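A structural walkthrough
Given next are the chains, with one letter for each unit.
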Amino acid sequence: MAAVRDRSAPKRPVNLSIDSDLLQQARELKVNLSKALEERLAAIVREERARRWQEENREAIEAYSRFVDKHGLFDDIRNRL
């Protein structure tokens, strides 16, 4: 699977709306908002890509599972020959 992010890509400023109380707490705790958002956003992208891959490949995965249920793993088949 392709990398989630290109660390050499330039940074881009964005405007966000954030709950003011949460923002105040994060600032009091000296949370690096840009870093926290990038890390969480990368995790969300990874999770969504994995979910979509599973969805797109569901039929093949199910077919392979049925094959394994019926015949065993490929190594098991080779060992029986």
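These numbers come from a predicted model, not from an experiment.

About the thresholds
Residues numbered from 1 in each chain as written. Predicted model: local features only at pLDDT ≥ 70, side-chain atom pairs only at ≥ 80, totals over all residues. Heavy atoms only, no water. Salt bridge = Lys/Arg side-chain N within 4 Å of Asp/Glu carboxyl O. Helix = DSSP H or I, 4+ residues; strand = E, 2+ residues; numbered from the N terminus. Buried < 20%, exposed > 50% of the residue type's maximum accessible area, 1.4 Å probe, protein only. Expected span 1.5 Å × (residues − 1).

With that settled, the discussion passes to the pattern of salt bridges. Taken as a whole and assessed by the stated rule, the structure comprises seven salt bridges. Of the charged contacts, one joins Glu 48 and Arg 51 as a salt bridge, the two residues approaching to 2.6 Å between their closest N and O atoms. On the criterion of helical spacing, the pair formed by Glu 48 and Arg 51 is a turn pair, its members being three residues apart in helix α2 (residues 33–56). The exposure class of Glu 48 is partly exposed, given its relative accessible area of 28%. Three or more residues joined by partner-sharing salt bridges are found here, namely Glu 48, Arg 51, Arg 52 and Glu 55.

The next thing to look at is helix α3 (residues 58–71). If you check α3, its first and last C-alpha atoms are 20 Å apart, about what 14 residues at 1.5 Å a residue would give, namely 20 Å. Trailing α3 by a residue or two, Gly 72 shows a phi angle of about 85°, which is positive.

Here we take up unusual backbone geometry. Even without glycine at this site, Lys 30 takes up a positive phi of about 60°. Examined against the element boundaries, Lys 30 turns out to sit in the loop between α1 (20–28) and α2.

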